[in-house]
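An overview of the molecular structure
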Amino acid sequence: MNSENVETRREELYSGIEELFKDHEGKHHLVLRPLIFVNAKDQADPEIEVLKKTITELTFDHPCWGERMPNACVPLELEIAELVAEGKQIMSLVEVKELNAISEVSVLSPEQLTDFLHYQHSLGKIVYFDTPQLRDNVIISPLLMVEVMRSFITDVEFWPKEDKTRKTFKKMSENGMIQKVDLYQIWEQEEFCQILPFKEYIFDMLIHLDIVSEQRRYDTKTGSRLPIEHFFVPCMLTQRNDTDFLTQECTPERTVSLAFVFKGTIIPPALPNRLICACLSMWTLKQYRGRKLMFSGFVGLSFDKEHDIVVCVEGNKILLHLVHKRSKGLIIPDIATSVRDCLFVTLERISEFYQSSIHCKASSKLPFHTEYSCSKLNCFISENKMASDTEECICEHGENIKNSWSIWNKKREQKQCDANCPGLSEDALSQIPSDKELLRLSVNCETRMLHDLALHLGMEEMVWNDMEYNYPGNAQLVKFFTLMHLKENDEIRFTELDNGLREMEITPHKLCVVRRIKQVKSSIPDDILDCIPSDEILDRLAPLIGKIVFQLGIELGLSVEDLESIKEKCDRDLTAQNKEVLFTWRKDRTVKPTIRVLEQAFVNIGKGARCLKEVVKDVDPNTLKAVEIVTESENENRIIQDIQTSQILDHMMTNLVISVDDRRRIEQHAGQDDQNKALLDIVIKRREPTYGVFVDGLDAYGYKDLANDLKFDSQEMSQSAALVPAENEEELPQGYHWYSTWEHSRSSNIKEVMSVDDGEKIESGKTTQEKNRTLITLLLRINEQGYIEFLTALRKDSAYADLADEIEYTAVTTRDMSTLHTCYK
């Protein structure tokens with residue numbers, strides 16, 4: 001390219017860049033001239049000299065250039081530079097202090113040392129953050145952070161070939177999520193081994209710099225952080241939303257919207273990413289036409305089976321859409337208010353974090369404000385203009401946006417409609433009520449009023465009498481099935497119910513109860529509420545529910561057909577019916593079936609959550625997390641379909657977490673899948689230490705990937721931790737593992753202690769391993785004399801003398817007895 005073309009192209013590019021940044025609030029920070037073209041193939045290219053000159057001038061213009069540095073700082077700086085030259089990259093703060101203390105020239109005071117570290121950091125010579133998680137270490141070679149970034153933020157071309165690590169990269173590129181254990185595994189590669197000794201510190205650094213974002217969520221009551229399991233890598237998720245969910249589902253007829261509007265023209269990407277992480281930990285990620293709705297700056301979530309949440313970034317706005325399955329007129333204001341409050345508090349906490357990270361004095365004024373949309377979703381008015389109770393807020397379409405504002409700002413504990421409540425909208429009135437809405441209506445209406453309304457709408461008196469006959473003494477079910485009869489036989493919509501009430505001179509605001517839920521004042525900790533209940537919790541809860549099984553089932557989203565089937569299946573056994581309802585509800589993962597959802601259902605039907613509180617009061621949240629991971633659909637299928645149980649069972653018997661009877665019940669199933677299901681039931685029911693031993697067994701016998709997926713950060717407990725002897729208890733010698741040791745040995749003459757029938761059972765095994773396994777199972781059932789004879793027979797073969805000693809002298813601690821006792825509960 002000749003010089004004339006270069007100059008032409010240079011001006012074209014300059015004009016384009018200037019146009020791109022003309023309205024950017026950070027334009028004055030950009031150095032746009034000169035534009036330098038360097039020919040990388042020509043060492044003598046004159047543009048290189050221009051580049052050197054420009055860099056030098058910018059250096060001289062730096063605010064710190066020419067500042068005098070105290071002579072006392074020079075020795076320590078030189079000492080650190082020498083360590084860097086030797087290959088050292090990180091020092092602990094203690095090491096830095098020791099290096100300073102032994103200086104032969106000058107020693108900095110504690111205050112001077114702190115100033116030195118901050119100053120060196122500002123120059124880019126070191127990396128040091130004076131925050132609780134990071135202040136104990138100093139990165140003296142900032143190039144280390146380049147290696148850290150390169151380790152996991154890289155193109156597919158540079159992904160490692162090793163299957164497990166490559167799988168981590170693939171998952172991260174698809175959903176932007178990573179677990180801490182997976183990142184540590186990446187750093188176990190030889191080229192990144194220098195990172196591994198400081199992995200916890202480096203991980204905290206990545207979070208502090210927003211390179212990795214926590215799925216951070218806060219308790220809205222206390223402001224305290226809630227447990228973290230997964231982490232979001234924003235820069236690895238670059239795909240924008242290319243689905244038609246916004247156009248097809250977030251329609252004006254079904255959606256209400258608001259916007260959190262920030263100062264400036266754009267929002268730093270880390271901020272909405274943190275908000276999305278918080279959303280992912282609070283609600284279930286939604287799937288739409290087979291795709292998960294999580295993209296760069298966009299996430300779709302399911303609040304319940306009727307309400308969806310969408311959070312997306314547009315310029316300097318974070319938009320929040322709440323979408324109803326049928327009509328926005330049926331959106332429950334309590335849900336809208338709850339969602340708004342959760343996101344507002346989370347954004348508030350994130351903003352406080354950023355202020356603290358840049359040493360900015362906390363301000364009472366937030367960097368964002370809230371604006372509410374009109375029904376067409378394209379006009380927004382600031383909430384500051386809605387302060388007056390009397391003035392209307394009219395948008396350009398002539399609509400009063402206060403109507404939308406009221407949905408997002410429902411007053412707590414409000415049981416009656418406001419004086420200006422318009423009732424159900426026309427679109428809502430045209431909808432057929434859902435079963436759950438009819439249940440809420442029936443609970444909030446008097447029996448006589450519903451009787452008169454049903455007759456007014458055309459139902460025969462005889463049908464009502466039949467209802468009372470079928471459900472004697474249960475007025476709630478009579479009312480509910482009366483409304484269900486009108487829905488199924490007369491296909492009534494809310495319009496017919498509204499007209500009927502008006503004609504009977506009863507306020508149509510009776511129908512507004514379908515848009516209200518009762519407030520829960522929970523005393524159950526959040527880390528319990530957000531977990532899926534275990535089998536044990538549901539088993540213990542079922543007998544406490546009583547006769548409200550039908551109402552509970554409807555409130556939890558089961559259909560009338562499902563409930564009728566359960567009733568027929570369980571005959572008149574109320575406990576069995578309740579248990580079946582609870583387990584059926586938990587199987588549906590469209591919305592995460594948490595204890596919080598269960599608590600709200602109890603309150604909605606008037607039962608109260610005291611029974612649930614009693615059941616979960618001593619539950620360990622770590623145990624619930626373990627059960628949740630095991631029963632996650634994909635992991636559960638992998639366990640059932642992929643593993644061979646024999647060696648896993650050997651391992652679990654060796655560690656006393658299952659008994660001979662457990663094994664017999666598992667192996668009585670003909671198919672491997674059924675055996676795996678039976679084992680999984682035991683693991684879920686027994687919890688720790690059974691869960692930990694099971695996962696370690698998977699890891700030891702060829703299922704490392706599955707074992708890694710079942711491990712979780714919130715419970716750093718492995719087999720060794722679960723079985724470590726308590727203080728003052730004797731540790732178990734090697735003989736403790738005699739079951740697995742012998743089961744893998746060759747067959748011998750010890751079968752002489754068995755009967756003929758037992759001998760035939762043993763010989764029926766196809767392999768030596770199967771024969772020995774049968775033998776050991778039989779030995780566990782013999783009396784003490786038989787056990788002595790077994791050891792005697794074992795010692796007749798010199799090859800097994802040491803094994804006999806190990807078995808005989810195995811120490812059994814009280815902890816072992818306690819662990820084994822759980823097998824027989």
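An account of the accompanying structure is given in this report. (Residues numbered from 1 in each chain as written. Predicted model: local features only at pLDDT ≥ 70, side-chain atom pairs only at ≥ 80, totals over all residues. Heavy atoms only, no water.)

1. As for the nonpolar core
Proteins that are soluble and globular tend to have nonpolar side chains buried together. Ranked by internal contacts, the top residues of the largest apolar core, which has 66 residues, are Phe480, Phe481, Leu541, Leu556, Leu598 and Val616. Top contributing element to this core by residue count: helix H18 (residues 475-490), with seven residues. When sequence neighbours within four positions are dropped, the list of residues in contact with phenylalanine 480 reads Asp435, Leu438, Leu439, Ser442, Phe550, Ile554 and Val560. In terms of nonpolar packing, the next biggest core, distinct from the first, is built from 47 residues, Leu275, Leu280, Val311 and Leu322 among them. (Core = buried A, V, L, I, M, F, W, Y, C linked by side-chain atoms within 4.5 Å. Buried < 20%, exposed > 50% of the residue type's maximum accessible area, 1.4 Å probe, protein only. Helix = DSSP H or I, 4+ residues; strand = E, 2+ residues; numbered from the N terminus. Contact = heavy atoms within 4.5 Å.)

2. Brief notes about the packing of aromatic side chains
By the definition in use, this model includes 14 aromatic pairs. When the ring of phenylalanine 481 is compared with that of phenylalanine 550, the centres are 5.0 Å apart and the planes differ by 65 degrees; the resulting orientation is edge-to-face. One end of the pair, phenylalanine 481, is in helix H18; the other, phenylalanine 550, is in helix H22 (residues 549-555), with 69 residues separating them in the sequence. Residue classification places phenylalanine 481 among the buried residues on the basis of a relative accessible area of 9%. An aromatic cluster is built from Tyr184, Trp187, Phe203 and Phe231, whose rings are joined through pairwise contacts. (Phe/Tyr/Trp six-rings, centres within 6.5 Å; stacked < 30°, edge-to-face > 60°.)

3. Re the packing of helix H21 (residues 535-545) against helix H24 (residues 574-587)
At a minimum axis distance of 8 Å, the contact between H21 and H24 shows a crossing angle of 140 degrees. Regarding the angle of H21 to H24, the classification is oblique. For the pair H21 and H24, the sense of crossing is right-handed. Here Asp535, Leu538, Asp539, Leu541, Ala542, Pro543 and Ile545 of H21 lie close against H24, whose contacting residues are Thr575, Asn578, Lys579, Leu582, Phe583 and Arg586. (Axes fitted to C-alpha atoms, helices over the stretch in contact; angles between N-to-C directions. Parallel < 35°, antiparallel > 145°, perpendicular 65-115°, else oblique. Left-handed = near helix turned anticlockwise from the far one by under 90°.)

4. So, the pairing of strand E13 (residues 317-324)
The buried fraction of E13 is high, at seven of eight residues. Of the strand pairs in this sheet, strand E6 (residues 255-262) and E13 are connected by seven bridges, and their pairing is antiparallel. Each bridged residue has a counterpart across the sheet, and for valine 261 the counterpart in E13 is lysine 317. By the bridge criterion, eight bridges tie strand E12 (residues 307-314) to E13 in an arrangement that is antiparallel. Paired with valine 313 across the strands is isoleucine 318, a residue of E13. A loop of two residues connects E12 with E13, the two strands running antiparallel in sequence, and glycine 315 in this loop sits at a positive phi of about 65 degrees. (Pairing = 2+ DSSP bridges.)

5. Notes on the side chain of aspartate 650
On the secondary structure map, aspartate 650 appears in helix H29 (residues 645-654). Among the polar contacts listed, one links the side chain of aspartate 650 to the side chain of arginine 663, at a separation of 2.7 Å. (Polar contact = N/O pair within 3.5 Å; in protein donor to acceptor, adjacent residues only side chain to side chain.)

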